[in-house]
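Report on the structure
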Amino acid sequence: TEALIANIRKKEEDKLLTGLKIARGSLVITHLLFADDSLFFYKANRQECETIIQILKDYEKASGQQINFQKSSIQFGHKVPDVARLEVQQVLGITTIGGMGTYLGIPESLGGSKTQVFGFLNERVNNKVNNWTIRFITKGGKEVLIKAVASPMPTHVMSCFRLPKMVTKKLTSTMAHFWWSGSGNTKGMHWFAWDKMCKDKPDGGIGFRDIQNFNTTLLAKQLWRLIDKPDSLFARVFKGRYYRKSDPLDPIRSYSPSYGWRSITSARSLVNKGLIKRVGTGSSISVWNDPWIPAPRPRSAIPKCSNQYLNPLLKVEDLINPVDLSWNLDLLKVYIHQDDVDIIRSLAISRNPKPDSYGWHFTDHGRYTVKSGYRTDKLFPDMGSHDRVLGPDIKPLLAHSWKLQCSSKLKHFVWQILSGSLPVTKNLHSRGIKCDVKCQICGAEEESINYVLFECPLALQTWALSNIPSCP
């Protein structure tokens, strides 16, 4: 493989291969080598075709491996004329045209309606869910299947592209239908909205993934790679095309951006929630504009008095004594609020300061992870506020139901009791279903959850015969 790469680079230096350049300031790419695939990029003319054929023949002689042109495919740019396409196919001996299928599980062409392009995800999840025999699966089993099988299926695609809301809505609908359905033929009664089911178990939910939010956290991982590894091939290609003289977090408008770039930049709001600038020399950190204070959410410093004149160009290095590399407490007390002064004093300054760097505030190692990003998105939502509870809050009880020492089936039953999602006649009538609200056993006026479990004569007899002590 090293000989193959060296031969390609030599031909490139001799101007016999051109390679692919997606922008004027971007680097040239001639090849991408994967575990079992190799991609070559060059101009669609006879000279470069003959050059790449000669390189492959030399590789065959040196390695003893032979290229299978029957399994190879070729893809042209949309501006390549038909005459040139035929000539290239004849020289290479490749007749299969690629670009319209999928590669590594991702569509090769993203033109047209994105809902149709990613529609195969809905079909894939639907086929998987419909093969499960619902009536023989308990709630605990359904929880495992949704979390371990159905939810992870679109993860690979979501880590690269933003799924349209219509696609995520259909995926959510499929999982909700499977969860609430008692059999495969009925939709079942949806007692709660799916976003409430996606709350973590300590918050009173079941902990299902919110697909749209999880899509954002996966794309934020790609954006973090651009920030954390600026010398990688991935970052250098995007930098030359979209942020040549700036930063991937800067909202710079670019001409005709790709769908992949638009997907990655849609996660900027999430990355900004936990992004913090680590103080090295302090020369590139603005005191009033950059997030360098390690508060519950990273932010800039709070001025001591909002009415006084502030130097907008004040840098963190101006607050550090250059002699002993310690914080200048006198300047801190003059400019910055006392609460922030106490926080800043706890920040250590290295005796051999390195350049300022980015870090992720919500992990101990300072690097972004999908798990921490998903929690951050829940902790600091972009819109709306946390649910306001008037009166007693049953959230601790709902959270405690998952800690009981019993089977998962009983845990889910207790959770249904506390959340009020049991199909007793009172609840069914409140949901608009015409039925007799009387108790079907004793004929009482109203069949509620509390009555069925504790007040019905049959329930009282059951508790009396059990070994569990109960109050009248």
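Scope of this entry: the structure provided in the associated data block. Remember, predicted model here, so these are calculated numbers, not experimental data. (Residues numbered from 1 in each chain as written. Predicted model: local features only at pLDDT ≥ 70, side-chain atom pairs only at ≥ 80, totals over all residues. Heavy atoms only, no water.)

Some words on the overall build of the chain
Within the chain, the secondary structure is distributed over 21 helices and eight strands. At 31 Å, the chain has a C-alpha radius of gyration far larger than the 23 Å of a compact globule built from 472 residues. Counting only C-alpha atoms, the chain reaches 95 × 75 × 40 Å along its principal axes. Counting every position in the chain, which comprises 472 residues, the buried fraction comes to 37%. Taking contacts inside the chain between residues at least 6 apart in sequence as the whole, the part at least 24 apart equals 58%. Accessible area for the chain stands at about 28700 Å²; split by element, carbon and sulfur atoms hold 54% of it. Charged side chains of the chain number 64 positive and 42 negative; the gap between the two group centres comes to 3 Å. (Helix = DSSP H or I, 4+ residues; strand = E, 2+ residues; numbered from the N terminus. Rg over C-alpha atoms; globule rule 2.2 N^0.38 Å. Buried < 20%, exposed > 50% of the residue type's maximum accessible area, 1.4 Å probe, protein only. Contact = heavy atoms within 4.5 Å. Areas by Shrake-Rupley, 256 points an atom, 1.4 Å probe, with all protein chains shown as cover. Lys, Arg positive; Asp, Glu negative; His and termini not counted. Charge placed at Lys NZ, Arg CZ, Asp CG, Glu CD.)

Section: the packing of aromatic side chains
Tallying each qualifying case throughout the model produces 22 aromatic pairs. With 6.1 Å between their ring centres and 20° between their planes, Phe161 and Tyr259 make a pair best called stacked. You can see Phe161 sitting in the loop between helix H7 (155-158) and helix H8 (165-180) and its partner Tyr259 sitting in helix H12 (residues 259-265), a full 98 residues away along the chain. With a relative accessible area of 12%, Phe161 lands in the buried category. Classification of Tyr259 by relative accessible area gives buried; the value is 15%. Ring plane angle 70° and centroid distance 5.9 Å describe the contact between Phe192 and Trp415, whose orientation is recorded as edge-to-face. Here Phe192, found in the loop between H8 and helix H9 (194-197), pairs with Trp415, found in helix H18 (residues 408-419); they are 223 residues apart in sequence, far enough to count as distant. Accessibility expressed as a relative area gives 5% for Trp415, which makes it buried. Here the aromatic residues Trp224, Trp360, Phe362, Tyr368 and Phe380 are joined through ring pairs into a cluster of three or more. (Phe/Tyr/Trp six-rings, centres within 6.5 Å; stacked < 30°, edge-to-face > 60°.)

Considerations on the nonpolar core
In terms of nonpolar packing, the biggest core is built from 39 residues, with Phe118, Leu163, Trp179, Trp194, Met197 and Phe208 touching the most fellow members. Of all elements in the fold, only helix H5 (119-130), helix H6 (139-150), H7, H8, H9 and helix H10 (211-228) reach the threshold of two or more residues within this core. No other element matches the seven residues that H8 contributes to this core. Beyond its immediate chain neighbours, meaning those up to four positions away, Leu163 contacts Phe118, Leu121, Val157, Met158, Thr168, Leu171, Asn215 and Tyr259. By size, the runner-up hydrophobic cluster in this structure holds 19 residues, among which are Leu219, Leu226, Ala267 and Tyr368. (Core = buried A, V, L, I, M, F, W, Y, C linked by side-chain atoms within 4.5 Å.)

Some details on a nonpolar patch on the surface
Taken together, the side chains of Phe34, Leu39 and Leu104 make up a nonpolar region of the molecular surface, amounting to roughly 260 Å² of accessible area. A relative accessible area of 51% places Leu104 in the exposed class. (Patch = residues over 30% accessible without salt bridge, like charges linked within 9 Å, V, L, I, M, F, W, Y side chains within 5 Å. Salt bridge = Lys/Arg side-chain N within 4 Å of Asp/Glu carboxyl O.)

A word on unusual backbone geometry
Even without glycine at this site, Ser256 takes up a positive phi of about 50°. Structurally, Ser256 is set in the loop between helix H11 (233-242) and H12. Its identity as a non-glycine residue notwithstanding, Leu325 has a phi of 55°, on the positive side. Topologically, Leu325 is positioned in the loop between strand S6 (320-321) and strand S7 (326-327). A relative accessible area of 22% means that Leu325 is categorised as partly exposed.

Description of the environment of Met153
Mapped onto the elements of the fold, Met153 is located in the loop between H6 and H7. Taking relative accessible area as the criterion, Met153 reaches 21% and is therefore assigned partly exposed. A C-alpha to C-alpha distance of 8.0 Å links Met153 and Leu121, two positions 32 residues apart in sequence. Leave out the neighbours within four places in its chain, and Met153 touches Arg124, Val125 and Lys128.

Comments concerning the pattern of salt bridges
Opposite charge on two side chains makes pairing possible when the charged atoms of those side chains draw close. For the structure on display, the rule yields 10 salt bridges. Arg46 serves as the salt-bridge partner of Glu87, at 3.0 Å between the closest nitrogen and oxygen. In this pair, Glu87 is assigned in helix H3 (residues 82-92) and Arg46 in helix H2 (residues 46-63), connecting sequence segments 41 residues apart. Taking relative accessible area as the criterion, Arg46 reaches 38% and is therefore assigned partly exposed. Across the pair Glu446 and Lys426 runs a salt bridge whose closest N-O atoms are separated by 3.7 Å. Taken together, the positions of Glu446 in the loop between helix H19 (425-430) and helix H20 (449-455) and Lys426 in helix H19 put the pair 20 residues apart, joining distant regions of the chain. Here Lys426 falls in the partly exposed class, since its relative accessible area comes to 37%.

Coordinates in, geometry out; function isn't part of it.
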